[in-house]
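# Breakdown of the fold
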Amino acid sequence: MGLVFFAIGSSTVLRTREVRAFMDRFADAMEEGSWHPYRMPFWAMRMAGGVLIAIAFLLFWMARIGFQNL
């Protein structure tokens, strides 16, 4: 689970334009002209990616503690 959060977060931080374009195409396929997160500014998407990376490291840390006590 930590790897998934890290992968999504790092791709959001490093490839913001591509992630935004993907979300645009996905949301338009569901409902034309609806509001969706791609309209967020780039700095907000990068901040969200940073939060996902922080959650990933928390999950890695919890797994390390769990395996340490085995």
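Refer to the structure above for everything that follows.
First, a word on scope: everything that follows refers to the structure included in this document. (Residues numbered from 1 in each chain as written. Predicted model: local features only at pLDDT ≥ 70, side-chain atom pairs only at ≥ 80, totals over all residues. Heavy atoms only, no water.)

Here we take up the pattern of salt bridges. Under the definition given, this model contains one salt bridge. The closest approach of N and O atoms between Glu 18 and Arg 15, which form a salt bridge, is 3.8 Å. On the basis of relative accessibility, which here comes to 43%, the residue Glu 18 falls in the partly exposed class. (Salt bridge = Lys/Arg side-chain N within 4 Å of Asp/Glu carboxyl O. Buried < 20%, exposed > 50% of the residue type's maximum accessible area, 1.4 Å probe, protein only.)

Taking 1.5 Å of rise per residue, the 15 residues of helix H2 (residues 16-30) would be expected to cover 21 Å, and the 21 Å separating its terminal C-alpha atoms lies within 8% of that figure. The complete set of buried residues in H2 reads Thr 16, Val 19 and Ala 27. Buried residues of H2 fall within an arc of 65° about the axis and therefore sit on the same side. Residues Arg 17, Arg 25 and Ala 29 are exposed on H2 and point more than 90 degrees away from its buried face. Tucked into the core, H2 has its buried residues touching helix H1 (2-14) and helix H3 (42-68). (Helix = DSSP H or I, 4+ residues; strand = E, 2+ residues; numbered from the N terminus. Expected span 1.5 Å × (residues − 1). Arc of directions from axis to C-beta. Contact = heavy atoms within 4.5 Å.)

This brings us to the packing of aromatic side chains. In the structure shown here, the tally under the stated rule is three aromatic pairs. Plain terms: the ring middles of Phe 22 and Phe 26 are 6.3 Å apart, the flat faces sit at 20° to each other, and that makes the pair stacked. Here Phe 26 and Phe 22 lie together in helix H2, a separation of four residues that amounts to about one turn. Taking 6.1 Å as the distance between ring centres and 70° as the angle between the ring planes, the aromatic pair formed by Phe 57 and Phe 60 counts as edge-to-face. (Phe/Tyr/Trp six-rings, centres within 6.5 Å; stacked < 30°, edge-to-face > 60°.)

Now for the packing of H1 against H3. Their axes nearest at 7 Å, the elements H1 and H3 cross at an angle of 155°. What the angle tells us is that H1 and H3 run roughly antiparallel. Here the hand of the crossing between H1 and H3 comes out left-handed. Contacts between H1 and H3 involve Gly 2, Leu 3, Phe 5, Phe 6, Ile 8, Gly 9, Ser 10, Thr 12 and Val 13 from the first element and Met 45, Arg 46, Gly 49, Gly 50, Leu 52, Ile 53, Ile 55, Ala 56, Phe 57, Leu 59 and Phe 60 from the second. Of the residues that constitute the contact of H1 with H3, the class distribution is 13 nonpolar, six polar and one charged. (Axes fitted to C-alpha atoms, helices over the stretch in contact; angles between N-to-C directions. Parallel < 35°, antiparallel > 145°, perpendicular 65-115°, else oblique. Left-handed = near helix turned anticlockwise from the far one by under 90°. Nonpolar A, V, L, I, M, F, W, Y, C, P; charged D, E, K, R; others polar.)

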